[in-house]
Amino acid sequence: EKGQVYLTWPVWSKAGLEKHQALRAKAEVKYKEFEAERDGELEKMSTTPNILHKALHFRKASAATEKMDFSGLHNYVDVPSIDDVFEIGEGLQVVKTGTVWSRTGSFSGTFRASRQQLLGSAAINSS
């Protein structure tokens with residue numbers, strides 16, 4: 001198929017990146033806390049012979065898993081670490097890994113009239 005090829009890299013303001021990295025760090029701490037709670041309850045569930053205690057520990061493990069889901073960590077999956085960015089201007093940070101994609105059709109009009117296709121990734125060497 002015919003179409004144009006595009007390269008895109010996420011760009012962050014330095015302040016925005018620092019803010020989101022701090023939020024991600026807090027979410028990671030909460031996630032790990034709930035993960036340890038879940039793992040402890042699963043261990044207790046597997047070692048107890050009492051069927052009622054097994055059910056209780058399973059419920060507690062399920063509740064901890066739900067807390068993991070609500071920790072908000074998934075909201076920060078696209079926030080890069082400080083090692084994954086470099087400064088490109090005053091207060092601007094670019095992520096070293098971007099995407100290569102193509103689009104057939106037009107950018108104007110309906111979205112269905114065009115089709116995007118991810119071709120791969122691209123990296124910027126900052127040295």
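Higher on the page you've got the structure.
Everything quoted here is computed from the prediction, not taken from an experiment.

Here is what the cut-offs are and how they apply
Residues numbered from 1 in each chain as written. Predicted model: local features only at pLDDT ≥ 70, side-chain atom pairs only at ≥ 80, totals over all residues. Heavy atoms only, no water. Helix = DSSP H or I, 4+ residues; strand = E, 2+ residues; numbered from the N terminus. Contact = heavy atoms within 4.5 Å. Expected span 1.5 Å × (residues − 1). Buried < 20%, exposed > 50% of the residue type's maximum accessible area, 1.4 Å probe, protein only. Arc of directions from axis to C-beta. Axes fitted to C-alpha atoms, helices over the stretch in contact; angles between N-to-C directions. Parallel < 35°, antiparallel > 145°, perpendicular 65-115°, else oblique. Left-handed = near helix turned anticlockwise from the far one by under 90°. Nonpolar A, V, L, I, M, F, W, Y, C, P; charged D, E, K, R; others polar. Salt bridge = Lys/Arg side-chain N within 4 Å of Asp/Glu carboxyl O.

Asker: How do you make sense of the side chain of His-57 when you look at a structure like this?
Answerer: You can see His-57 is positioned in helix α2 (residues 51-69). Ignoring anything within four residues of it in the chain, the contact list for His-57 reads Glu-41, Lys-44, Met-45 and Thr-48.

Asker: Quick question: what am I supposed to make of α2 here?
Answerer: For the α-helix, the turn length of 3.6 residues means that residues three or four positions removed from each other point alike. In this model α2 runs 27 Å from its N-terminal to its C-terminal C-alpha over 19 residues, within 8% of the 27 Å that 1.5 Å per residue would give. What α2 keeps buried is the set His-57, Ala-61, Ala-63, Ala-64 and Met-68. Buried residues along α2 cover an arc of 160° about the axis, so they all sit on one side. Structural note: α2 exposes Ile-51, Leu-52 and Asp-69 on the side pointing more than 90 degrees away from its buried face. Packing partners of the buried residues in α2 comprise α1 (14-47).

Asker: I tried to follow the packing of α1 against α2 on my own but got confused; where do I start?
Answerer: A pair of packed helices is captured by two measures, namely the crossing angle of their axes and the spacing between those axes. At a closest axis distance of 8 Å, the pairing of α1 and α2 adopts a crossing angle of 165°. Considering their axes alone, α1 and α2 lie roughly antiparallel with respect to each other. The chirality of how α1 crosses α2 is left-handed. Residue-level inspection shows Tyr-31, Phe-34, Glu-35, Glu-37, Arg-38, Glu-41, Leu-42, Lys-44, Met-45 and Ser-46 of α1 in contact with α2, the latter providing Lys-54, His-57, Phe-58, Lys-60, Ala-61, Ala-64, Thr-65, Lys-67 and Met-68. Here the contact of α1 with α2 is composed, by residue class, of eight nonpolar, three polar and eight charged.

Asker: Could you clarify how one ought to interpret the pattern of salt bridges in this entry?
Answerer: Opposite charge on two side chains allows them to pair when their charged atoms are near. Using the criterion set out here, one finds four salt bridges in the structure. Across the pair Glu-28 and Arg-24 runs a salt bridge whose closest N-O atoms are separated by 3.8 Å. Remark: Arg-24 and Glu-28 occur in helix α1; sequence separation between them is four residues, near one turn of the helix. Using a relative accessible area of 30% as the deciding quantity, one classes Glu-28 as partly exposed.

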